[in-house]
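Structural features, examined
Next come the chains, spelled out residue by residue.
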Amino acid sequence: VVMTNDWSGFYAGAQVGFGQLETEFGDDSADSDEDLTAYGVQAGYLYDLGKFVVGAEAAYAQLDVDGLDDKADVLRAGVIAGYDAGRFLPYLTAGYANVDANAAGEDDGYYYGAGVDYAVTSKVRVGVEYLEHKFDNFDDSGNDLTAKTTSLKVSYVF
């Protein structure tokens, strides 16, 4: 017997994670990999269609990259498509991303990833999410940036 859960509704919450910032330099110099920590907030809406769940989410995250003096701000807006497995919601997500790396510049890109949420109660959800943020030709520098993050999330449903 599969437990039923209604994933529909507005939610907001916080996230914390870790990952890597990969830089591919356009001038054939050695590529760079730096560890990072990420923390931020998210808000969105999900609509439960029965076995499938669709929705949209906006998020803000601050990336603290080892070896960089400044933190980078990342804004995301995208869509979510998942499978209603009772109290579990495995999903795919993708959308628009903007990064502001202060002195290093600002650029628009995209992200994609996957995650799984668990409904602890009808109002509280926890989850884990893996995302890849892509910024090709960052700020017209000829360098490509990829931020790969794995985050733990907690959300409150309104």
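As a starting point, this report considers the structure included with it. Every value quoted in this text rests on a predicted model; they were computed, and no experiment measured them.

1. Quick word on the overall build of the protein
Secondary structure assignment for the protein yields zero helices and eight strands. Relative to the globule expectation of 15 Å for 158 residues, the C-alpha radius of gyration of the protein, 17 Å, shows essentially globular dimensions. In terms of overall dimensions, the protein has a C-alpha envelope of 55 × 25 × 20 Å along the principal axes. Taken over 158 residues, the protein has a buried fraction of 42%. Pairs at least 24 residues apart make up 56% of the contacts formed inside the protein by residues separated by at least 6 positions. A total accessible area of about 8300 Å² is found for the protein, and carbon and sulfur atoms account for 60% of it. Of the charged side chains in the protein, 9 are positive and 28 negative; the average position of the first set lies 16 Å away from that of the second.

2. Let's talk about the packing of aromatic side chains
Going through the model one piece at a time under the given rule, you end up with five aromatic pairs. Plain terms: the ring middles of Phe-88 and Tyr-118 are 4.9 Å apart, the flat faces sit at 50° to each other, and that makes the pair tilted. You can see Phe-88 sitting in strand 5 (residues 88-100) and its partner Tyr-118 sitting in strand 6 (residues 106-119), a full 30 residues away along the chain. A residue is classified by how much of its surface remains accessible, and Phe-88, at 42% relative accessible area, is partly exposed. With centroids separated by 5.3 Å and ring planes inclined at 80°, the aromatic side chains of Tyr-156 and Phe-158 adopt a geometry described as edge-to-face. A cation over an aromatic ring shows up here: Arg-76 above the ring of Tyr-111, its NZ or CZ 5.6 Å from the ring centre.

3. Describing the pattern of salt bridges
Tallied over the entire structure, the rule returns five salt bridges. Between Lys-153 and Glu-57 there is a salt bridge, and its shortest N-O distance comes to 3.4 Å. You can see Lys-153 sitting in strand 8 (residues 144-157) and its partner Glu-57 sitting in strand 3 (residues 52-65), a full 96 residues away along the chain. With respect to class, Lys-153 is no different from Glu-57; both count as buried. A salt bridge links Glu-132 to Lys-134; the nearest nitrogen and oxygen atoms lie 4.0 Å apart. Glu-132 sits in the buried class, given a relative accessible area of 13%. Sharing partners across several salt bridges, the network here consists of Glu-57, Glu-129 and Lys-153.

4. Thoughts on the nonpolar core
In this structure, Leu-21, Leu-36, Leu-63, Val-99, Phe-135 and Phe-138 are the most contacted members of the largest nonpolar core, which totals 16 residues. Secondary structure elements with two or more residues in this core: strand 2 (32-48), strand 3, strand 4 (72-83), strand 5, strand 7 (124-135) and strand 8. Not counting chain neighbours up to four residues away, the residues in contact with Leu-63 comprise Leu-36, Thr-37, Ala-38, Lys-71, Ala-72, Val-74 and Ala-147. Core analysis: the second largest hydrophobic core is formed by nine residues, Tyr-11, Val-53, Leu-89 and Ala-119 among them.

5. Section: a nonpolar patch on the surface
Where nonpolar side chains cluster on the molecular surface, the patch consists of Phe-10, Tyr-45, Tyr-47, Leu-49, Phe-52, Val-54, Tyr-83, Tyr-156 and Phe-158 and spans about 980 Å² of accessible area. Counting through the fold element by element, Tyr-156 comes out in strand 8. Relative accessible area serves as the criterion here: at 40%, Tyr-156 is assigned to the partly exposed category.

6. Some remarks on the environment of Asn-5
Here Asn-5 lies in the segment before strand 1 (9-24). Those residues in contact with Asn-5 that sit more than four places away from it in its chain are Asp-48, Asp-84, Gly-86, Arg-87 and Ala-119.

Thresholds, definitions, all that
- Residues numbered from 1 in each chain as written.
- Predicted model: local features only at pLDDT ≥ 70, side-chain atom pairs only at ≥ 80, totals over all residues.
- Heavy atoms only, no water.
- Helix = DSSP H or I, 4+ residues; strand = E, 2+ residues; numbered from the N terminus.
- Rg over C-alpha atoms; globule rule 2.2 N^0.38 Å.
- Buried < 20%, exposed > 50% of the residue type's maximum accessible area, 1.4 Å probe, protein only.
- Contact = heavy atoms within 4.5 Å.
- Areas by Shrake-Rupley, 256 points an atom, 1.4 Å probe, with all protein chains shown as cover.
- Lys, Arg positive; Asp, Glu negative; His and termini not counted.
- Charge placed at Lys NZ, Arg CZ, Asp CG, Glu CD.
- Phe/Tyr/Trp six-rings, centres within 6.5 Å; stacked < 30°, edge-to-face > 60°.
- Lys NZ or Arg CZ within 6 Å of the ring centre and 35° of its normal.
- Salt bridge = Lys/Arg side-chain N within 4 Å of Asp/Glu carboxyl O.
- Core = buried A, V, L, I, M, F, W, Y, C linked by side-chain atoms within 4.5 Å.
- Patch = residues over 30% accessible without salt bridge, like charges linked within 9 Å, V, L, I, M, F, W, Y side chains within 5 Å.

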